[in-house]
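Listed below, chain by chain, are the residues.
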Amino acid sequence: MSPSKIDSRKGCVRPPHFDILWLPRAAMRSVEGDPSDCVLVVGVSRPKMALAIITVMLISLFLTFHMIYDSALNSLQTNTQDHTRPPLLLLSRRLYPAAARRLPQAIIMGVRKCGTRALLEMLYLHPMVQKASGEVHFFDRDENYNKGLEWYRMQMPHSYHGQITIEKSPSYFVTPEVSD
Ligand SMILES: Nc1ncnc2c1ncn2[C@@H]1O[C@H](COP(=O)(O)OS(=O)(=O)O)[C@@H](OP(=O)(O)O)[C@H]1O
């Protein structure tokens, strides 16, 4: 070991520059045999520091873009009939589960003027419930029923997997064909 690298006062090994990332363990031992006199110097080389900062910035930028993309796409889907969403990442399906229009799992079918709207709005207070905005009249009106289940599904709101979609059409209760 060259004498210039040895601290003459304490006898500790010193790095030649402050931007050394890894020092060998032996470099931190006292040559003179007194380890308590040594000071541990931890530094990061400038290129590696720059690389780390750029990596963090790129990841933050990507995540920000991904969140903006996701929310923009969700709001677009609310206004269009498109229910598919191209995944930006395979992982994004897990992190941000896709919303889709689903057939109702529950239907409020009557009876009229008995507070069906109030019932629906109260159920809708639950975060796991989504409601159709108006009365769909799928089962009681031929012109709607003939459009098929796909049309019926498209009248439903977007919901996440596990949420319950509810539709309310009180006239189902008094339309004999509905039970068929
Ligand atoms: N909790 C409670 N108590 C008493 N009355 C209530 C309650 N909730 C809703 N209402 C009244 O019910 C009427 C609306 O019922 P619906 O939502 O079923 O109407 S509809 O059949 O869907 O058109 C509507 O009455 P009208 O205003 O006379 O139409 C509501 O005021």
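The structure we're discussing is the one just above.
About the criteria used
Residues numbered from 1 in each chain as written. Predicted model: local features only at pLDDT ≥ 70, side-chain atom pairs only at ≥ 80, totals over all residues. Heavy atoms only, no water. Helix = DSSP H or I, 4+ residues; strand = E, 2+ residues; numbered from the N terminus. Buried < 20%, exposed > 50% of the residue type's maximum accessible area, 1.4 Å probe, protein only. Areas by Shrake-Rupley, 256 points an atom, 1.4 Å probe, with all protein chains shown as cover. Pairing = 2+ DSSP bridges. Near = heavy atom within 4 Å. Polar contact = N/O pair within 3.5 Å; in protein donor to acceptor, adjacent residues only side chain to side chain. Nonpolar A, V, L, I, M, F, W, Y, C, P; charged D, E, K, R; others polar.

(A) How the structure looks around the overall build of the protein chain. What the protein chain contains, in helices and strands, is 5 helices and 5 strands. Put simply, the protein chain runs from its N terminus to its C terminus through helices and strands in the order α-α-β-β-α-β-α-α-β-β. Counting across all 180 residues of the protein chain, residues that qualify as buried make up 28%. In the structure as shown, the protein chain presents an accessible area of about 12800 Å², 64% of it carried by carbon and sulfur atoms.

(B) Structural detail: the pairing of strand S5 (residues 164-168). The element S5 is extensively covered by neighbouring structure, given that 4 of its 5 residues are classed as buried. As paired elements, strand S2 (residues 106-108) and S5 share 3 bridges and run parallel to each other. Note on S5: the bridge partner recorded for Ile 107 is Glu 167. Sheet analysis places strand S3 (residues 129-131) next to S5, joined by 3 bridges and oriented parallel. Residue pairing across strands places Gln 130 opposite Thr 165, the latter belonging to S5.

(C) Quick look at the site of the ligand. What surrounds the ligand is the set Arg 112, Lys 113, Cys 114, Gly 115, Thr 116, Arg 117, Ala 118, Glu 135, Lys 168 and Pro 170. Contacts to the ligand include Thr 116, whose side-chain N or O atom sits 2.6 Å from an oxygen atom. Interatomic distance of 2.9 Å between a backbone N/O atom of Arg 117 and an oxygen atom of the ligand. Coverage of the ligand by the protein chains reaches 43% of its 640 Å² of free accessible surface. In terms of residues, the shell around the ligand owes the most to one element, helix H3 (residues 116-124), which gives 3 residues. Tallied by class, residues from the shell around the ligand come to 3 nonpolar, 2 polar and 5 charged.

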